[in-house]
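As a plain string of letters, each chain reads:
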Protein chains: 2
Amino acid sequence: MKQKKVISDAVIERLPLYYRDLLLLQDAGIDIISSEKLGERLGITPEQIRKDLTCFGAFGKKGVGYYVGELCQQIVEIIGLQQHWKVGIAGIGHLGWALANYKTFGRLGFRTTGLFDVDHRIIGQNVGGVIVTPISEMDNVIRKEGIQIGIITTPASVAQQVADQMVNAGIKGILSFAPLRLNVPDHIFVFREDLSIGLSRISYYLTNKPEE
Amino acid sequence: MKQKKVISDAVIERLPLYYRDLLLLQDAGIDIISSEKLGERLGITPEQIRKDLTCFGAFGKKGVGYYVGELCQQIVEIIGLQQHWKVGIAGIGHLGWALANYKTFGRLGFRTTGLFDVDHRIIGQNVGGVIVTPISEMDNVIRKEGIQIGIITTPASVAQQVADQMVNAGIKGILSFAPLRLNVPDHIFVFREDLSIGLSRISYYLTNKPEE
DNA sequence: ATTATATTGTTCAACCATTCACAATTATTA
DNA sequence: TAATAATTGTGAATGGTTGAACAATATAAT
Ligand SMILES: NC(=O)c1ccc[n+]([C@@H]2O[C@H](COP(=O)([O-])OP(=O)(O)OC[C@H]3O[C@@H](n4cnc5c(N)ncnc54)[C@H](O)[C@@H]3O)[C@@H](O)[C@H]2O)c1
Ligand SMILES: NC(=O)c1ccc[n+]([C@@H]2O[C@H](COP(=O)([O-])OP(=O)(O)OC[C@H]3O[C@@H](n4cnc5c(N)ncnc54)[C@H](O)[C@@H]3O)[C@@H](O)[C@H]2O)c1
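Thresholds applied
Positions within a chain are numbered from 1, following the residues in the order the chain's sequence is written. Starting at A for chains and at 1 for ligands, labels are handed out in the order in which the entities are written. Note on the predicted model: pLDDT of at least 70 is required for a residue's local features to be given, and 80 or more for side-chain atom pairs to be given and counted; whole-chain, interface and lining totals, by contrast, use all residues. As a rule here, side-chain values cover all heavy atoms of the structure and leave hydrogens and water aside. Definitions used throughout: a 1 Å grid over protein atoms alone; a cavity as a set of points that fits a 1.4 Å probe which cannot get out; a pocket as an open set with protein on both sides within 12 Å along at least five of seven lines; a lining residue as one with an atom within 4 Å of a point. Grid points are joined across faces, edges and corners, and a volume is the space filled by probe spheres set on the points. Comment: elements are numbered from the N terminus, with helices defined as DSSP H or I runs of at least four residues and strands as E runs of at least two. For this scheme, ten residues count as nonpolar: Ala, Val, Leu, Ile, Met, Phe, Trp, Tyr, Cys and Pro. Four count as charged, namely Asp, Glu, Lys and Arg, and the remainder, Gly too, count as polar. Consider each residue's heavy atoms; a residue with any of them within 4 Å of a molecule or strand counts as near. The term polar contact refers here to a pair of N or O atoms within 3.5 Å; inside protein, the definition further demands a hydrogen-donor-capable atom paired with an acceptor-capable atom, and it admits residues adjacent in sequence only when both atoms are side-chain atoms. Each residue gets one of three labels from its accessible area relative to the maximum for its type: buried under 20%, exposed over 50%, partly exposed in between, using a 1.4 Å probe on protein chains only. The arc in question is traced by the directions running from the helix axis to the C-beta atoms. Only heavy atoms enter the contact rule, under which two residues are in contact if any of them lie within 4.5 Å. By convention, a stacked pair of Phe, Tyr or Trp rings (six-membered ring in the case of Trp) has centres within 6.5 Å and planes under 30 degrees apart, an edge-to-face pair has planes over 60 apart, and any other such pair is tilted. Domain ranges listed in this record stem from an automatic or a database domain assignment. Summed over both partners, the accessible area lost on bringing two parts together, with a 1.4 Å probe, is the buried area. When a carboxyl oxygen of Asp or Glu lies within 4 Å of a side-chain nitrogen of Lys or Arg, that pair is called a salt bridge.

This paragraph deals with the layout of surface pockets. Of the pockets and cavities examined, the second largest pocket occupies roughly 1100 Å³. Forming the boundary of the second largest pocket are 43 residues, of which T154, P155, A156, A178 and P179 of chain A lie nearest the centre. Contributing elements (two or more residues each) for the lining of the second largest pocket: α5 (94-100), β4 (110-117), α8 (156-169) and α9 (195-207) of chain A together with α1 (9-27), α2 (35-42), α5 (94-100) and α6 (104-108) of chain B. Sort the elements by how many residues they give to the lining of the second largest pocket and α1 of chain B lands first, with five residues. When grouped by side-chain class, the residues that make up the lining of the second largest pocket number 24 nonpolar, nine polar and ten charged.

See below:
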């Protein structure tokens with residue numbers, strides 16, 4: 001892998017899109033794809049795709065295209081999906097429960113091996129194949145299982161506290177759905193997913209329609 | 001409102017963040033906030049905030065800051081949240097069920113007034129205060145209720161078909177969680193939310209840690 | 001009334017990302 | 001084998017976003 005220059009976030013966000021579509025192509029038995037065709041499927045320009053990929057090396061064959069299987073493997077290595085990350089989810093309410101049951105995370109290489117909550121009504125239940133553990137046990141489970149990534153789907157009011165617990169237990173990265181900024185040490189990578197931005201954007205565009 | 005030049009997506013994505021934090025400030029009884037303090041709370045530079053806001057007008061007071069209540073109202077109007085958009089959700093499975101139960105959408109001005117599914121086990125149930133209707137009835141309900149925004153949380157395999165139905169019924173904007181590109185007429189605004197990008201980004205950054 | 005302090009709105013410069021154009025390379029056909 | 005068609009990788013041009021600096025303005029202090 002090249003990896004000389006710094007890679008922009010925009011590139012990193014597109015890689016999973018390429019990867020998922022390549023998996024579909026692979027399932028469909030398609031061996032070779034051009035940036036043109038891939039771009040058409042995804043709504044991304046072929047130049048963009050080629051430039052993104054050349055950040056990491058020259059994976060295509062001129063005059064031919066990209067070998068689907070090979071490119072898949074390359075992207076897996078770029079993103080680091082071959083590691084089979086272990087994931088823990090704190091807050092098994094509406095959203096946590098949905099995520100715990102989402103099988104596609106598994107196909108991408110993320111194994112959910114810990115579910116945590118404070119509510120006695122949910123503790124002990126089997127959700128998507130994993131038993132919900134008391135949040136007070138989270139520290140132990142994270143260490144014992146070697147969980148590296150934490151997902152926070154608790155109410156915002158306790159999200160910081162839960163993040164602190166995760167960091168103390170040795171978590172390396174956090175995906176948070178709570179609508180606030182988490183304060184964590186520099187070496188922890190936090191990504192915030194904000195599900196209300198999508199609706200707000202739709203509202204904006206419907207309100208301020210381009211005059212066609 | 002100014003609205004002369006074109007506003008970039010980046011700006012539109014930050015407005016909801018400002019808005020939600022301003023609501024919190026308002027709840028806390030804080031009347032005036034500077035771009036400096038707001039930026040600190042959100043992890044955004046003060047210059048960025050000022051520049052974003054001046055896309056739409058001059059809402060602050062030099063030497064003082066921004067009046068929280070007034071700015072809230074301005075952002076509401078910019079995003080178009082005063083309209084109380086009506087929302088319908090198709091596919092009341094794991095994720096759809098979570099979204100149907102999410103109260104914060106209401107506070108932002110989105111009212112969920114239609115829930116649709118094909119599964120007889122869920123049809124007829126009350127989810128977050130709304131009865132789940134057969135998808136075959138979606139067209140009628142959308143027209144009768146005047147639903148303008150559709151959320152798609154069905155399996156990917158039927159998402160296009162559901163989107164077509166929504167468009168035919170007169171929906172103006174779609175928020176889709178299905179991992180594929182939807183084909184819709186130009187005048188329909190589609191926003192795709194991809195929940196696997198977050199985890200993939202974390203994987204990338206943990207794998208390719210900056211050498212600190 | 002004057003000075004000092006705080007903070008916005010705006011201009012300009014720096015940076016980053018995308019698009020364009022094309023040389024380089026591979027496969028295919030005559 | 002030579003010519004043709006397809007398609008990648010890349011350097012240059014364009015367009016867009018962010019950052020730094022500062023004039024303009026409001027308040028508070030003297
Ligand atoms: N539901 C959605 O569709 C949605 C959408 C966007 C954002 N969110 C955000 O995701 C988070 C969860 O939302 P939700 O709708 O699932 O809420 P929820 O109330 O259904 O679930 C929260 C869960 O967290 C648990 N919890 C509370 N305190 C805890 C603690 N200290 N440790 C561990 N678990 C604890 C609760 O017992 C509950 O099971 C919130 O921050 C919300 O703002 C949710
Ligand atoms: N669960 C998650 O956390 C998660 C995360 C990311 C993306 N997604 C995406 O969201 C979508 C839903 O995921 P899920 O986990 O909730 O799946 P799910 O299987 O739990 O729910 C899907 C629901 O759609 C209904 N459905 C099927 N065909 C339908 C039709 N023609 N019309 C109306 N409803 C129909 C099903 O009866 C079911 O209730 C999928 O596309 C998935 O890829 C889910």
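Additional details are given in the paragraphs that follow.
This paragraph deals with the site of ligand 2. In the vicinity of ligand 2, 22 residues are found, and the nearest of them are Y102 of chain A together with H94, L95, D117 and T154 of chain B. At ligand 2, the nearby residues belong to more than one chain, namely chains A and B. A98 of chain A has a polar backbone atom sitting 3.3 Å from an oxygen atom of ligand 2. At a separation of 2.8 Å, an oxygen atom of ligand 2 approaches a polar backbone atom of L95 of chain B.

With that out of the way, let us pick up helix α3 (residues 46-54) of chain A. All names here are of chain A. Along α3, the positions that sit buried rather than exposed are P46, I49, D52 and L53. Relative to the axis of α3, the buried residues are bounded by an arc of 130 degrees and lie together on one face. On its buried face, α3 sits against α1 (9-27), α2 (35-42), β2 (66-67) and α4 (68-79).

If you walk through the whole model with that rule in mind, you get seven aromatic pairs over all chains. Centroid distance Y102 of chain A to F105 of chain A: 4.8 Å. Interplanar angle 90 degrees. Geometry classified as edge-to-face. Look at Y102 of chain A and you get partly exposed, because its relative accessible area is 33%. Residue classification places F105 of chain A among the buried positions, given a relative accessible area of 4%. Their ring planes at 25 degrees and their centres at 4.5 Å tell us that Y205 of chain A and F189 of chain B sit as a pair that is stacked. One end of the pair, Y205 of chain A, is in helix α9; the other, F189 of chain B, is in strand β9 (residues 189-192), on a second chain.

To continue, consider the domain arrangement of chain A. Residue and element names in this part refer to chain A. By domain assignment, chain A separates into domain 1 (9-80) and domain 2 (84-197). Once you take the C-alpha centre of each, domain 1 and domain 2 turn out to be 30 Å apart. Together, Y19, L23 and G80 form the three largest contributors to the area buried by domain 1 at its contact with domain 2, with a combined 57%. Counting across the domain 1 and domain 2 interface gives one salt bridge.

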